[in-house]
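# Structure at a glance
Each chain is listed here by its residues.
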Amino acid sequence: MGVRPLHLFLCEADDSLSRNEILIDDEIIRTVTAEDDDDVTPVNPVKIPHSVAVTALNTSLQWTEEKNFEAHEFMLLRRLRDSASELKIETDAQKNKKNH
């Protein structure tokens, strides 16, 4: 690389820097945080009842069995289904206690 091309490179680099905004750390953090806020999807406030979760997981279990998924994947869904069932039973028991 000769003197002339290096000089052109440095001029272009200097020109590029003058077009770009130079930010300090706090400004970078604020900018990135503001951009991230635009991408945030609001959390759905609707609560899914345990019985609906149990039904969905039962359907998923049937589907994984039909598609011959590996046993560990089937067992994971089964554990989730069992947990949802237990939560449903506990919730139903608490409702029955309050009603009596």
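Structural data are supplied above this passage.
The structure displayed is predicted, hence computed values, not measured ones. (Residues numbered from 1 in each chain as written. Predicted model: local features only at pLDDT ≥ 70, side-chain atom pairs only at ≥ 80, totals over all residues. Heavy atoms only, no water.)

## Remarks on the overall build of the protein
Note the threshold: The numbering of helices and of strands both runs from the N terminus, where a helix is a DSSP run of H or I of at least 4 residues and a strand a run of E of at least 2. The rule is simple: take the accessible area with a 1.4 Å probe, protein chains only, and divide by the maximum for that residue type; under 20% is buried, over 50% is exposed, in between is partly exposed.
A tally of helices and strands in the protein yields four helices and zero strands. Written out in order from the N terminus, the α and β elements of the protein read α-α-α-α. With 100 residues in all, the protein has 7% of them scored as buried.

## Considerations on the environment of Ser-60
Along the chain, Ser-60 turns up in helix H3 (residues 50-66). Along the backbone, Ser-60 and Arg-81 are 21 residues apart, and their C-alpha atoms lie at a distance of 9.4 Å.

## Let's talk about the nonpolar core
Inclusion rule: Nonpolar cores were defined as sets of buried Ala, Val, Leu, Ile, Met, Phe, Trp, Tyr and Cys residues, with membership established by side-chain atoms within 4.5 Å. Contact definition: two residues touch when any of their heavy atoms are within 4.5 Å.
Core analysis: the largest hydrophobic core is formed by five residues, namely Val-54, Leu-57, Leu-61, Leu-77 and Ala-84. Mapped by element, the contributors of at least two residues to this core are H3 and helix H4 (71-99). Ranked by residue count, the leading element in this core is H3, at three residues. Look past the residues within four positions of Leu-61 in its chain and what remains in contact with it is Phe-74, Leu-77, Arg-78 and Arg-81.

## Examining unusual backbone geometry
One non-glycine residue, Asn-68, lies in the positive phi region at around 55 degrees. By secondary structure assignment, the location of Asn-68 is in the loop between H3 and H4.

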